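Letter by letter, the chains look like this.
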Amino acid sequence: MPSTSQSPVIDSSNGLRRPRSLVFLHWATALLIALVIGIAFVRDGIEEKALRATLMNIHRSIGLTVALLAMARIVVRLAHRPLPPTADMSPLARLVAELAHLALYMLLMALPLIGWALSCAHGKPVSYFGLVTLPTIVEEDEDLADDLAEYHENAAWLLMALVGVHAAAALYHHFVRRDNVLRAMLPVRQS
């Protein structure tokens, strides 16, 4: 049986809330995605090699953290399965929402793995915040690195698009449908 801190909380002013651990992981993931994307864009505009290398190492470590958070989110979701609905939706709308979430989770795990393989293909070691050097998962190969760079960039654009659609859907539910979908995932209690 889940602990009280992990179970959904019923609040008469909000309706159903998602488990606190899931809400925390959701917003931590969102923050880290914004950070890792921001670092990638900032790095592109910097000429100094040492600073570029430092930013890339931070980018890699945060990306790997996103993958770890995605795995934790899956564990939490499975532990609380089934999550009760926060809004009335048609079976088709619910299916689309589930497929979108599945695609997000897949990208949250695939992107860092592709990035890790990309670094290995470039012959660059991957360190997790300087604490541990991860094993090489592919041999050095510039042709493979070129392919992986393209996959990584395309997957990143797809992730950004899906995150945008996800955010737009949450705002649609909040402002148009006026249901509890967004409120159920807000990190603070709304009055």
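For the structure itself, look to the data block above.
Residues numbered from 1 in each chain as written. Predicted model: local features only at pLDDT ≥ 70, side-chain atom pairs only at ≥ 80, totals over all residues. Heavy atoms only, no water.

Asks: Would you take a moment to explain the nonpolar core for this structure?
Replies: In globular proteins that are soluble, nonpolar side chains generally tend to be buried together. By size, the foremost hydrophobic cluster in this structure holds 23 residues, and its most contacted members are Ile 33, Leu 108 and Leu 159. Broken down by secondary-structure element, the contributors of at least two residues to this core are helix H1 (20-44), helix H2 (49-79), helix H3 (91-121) and helix H4 (142-177). Broken down by element, the residue count for this core peaks at eight residues, all from H1. Setting aside residues up to four positions removed in sequence, Leu 159 forms contacts with Ile 33, Leu 104, Leu 107, Leu 108 and Leu 111. Listed in part, the six residues of the second largest apolar core include Ile 114, Ala 117, Ala 121 and Leu 148. (Core = buried A, V, L, I, M, F, W, Y, C linked by side-chain atoms within 4.5 Å. Buried < 20%, exposed > 50% of the residue type's maximum accessible area, 1.4 Å probe, protein only. Helix = DSSP H or I, 4+ residues; strand = E, 2+ residues; numbered from the N terminus. Contact = heavy atoms within 4.5 Å.)

Asks: Would you take a moment to explain H4 for this structure?
Replies: One turn of the α-helix equals 3.6 residues, which is why residues spaced by three or four share an orientation. End to end, H4 covers 50 Å across 36 residues, agreeing with the expected 52 Å (1.5 Å per residue, within 8%). Those residues of H4 that fall on the buried side of the exposure criterion are Ala 145, Leu 148, His 152, Ala 155, Leu 159, Leu 162, Ala 170 and His 173. On its buried face, H4 sits against H1, H2 and H3. Sitting at the head of H4, Asp 141 places a side-chain oxygen 3.0 Å from the backbone nitrogen of Asp 143. (Expected span 1.5 Å × (residues − 1). Polar contact = N/O pair within 3.5 Å; in protein donor to acceptor, adjacent residues only side chain to side chain.)

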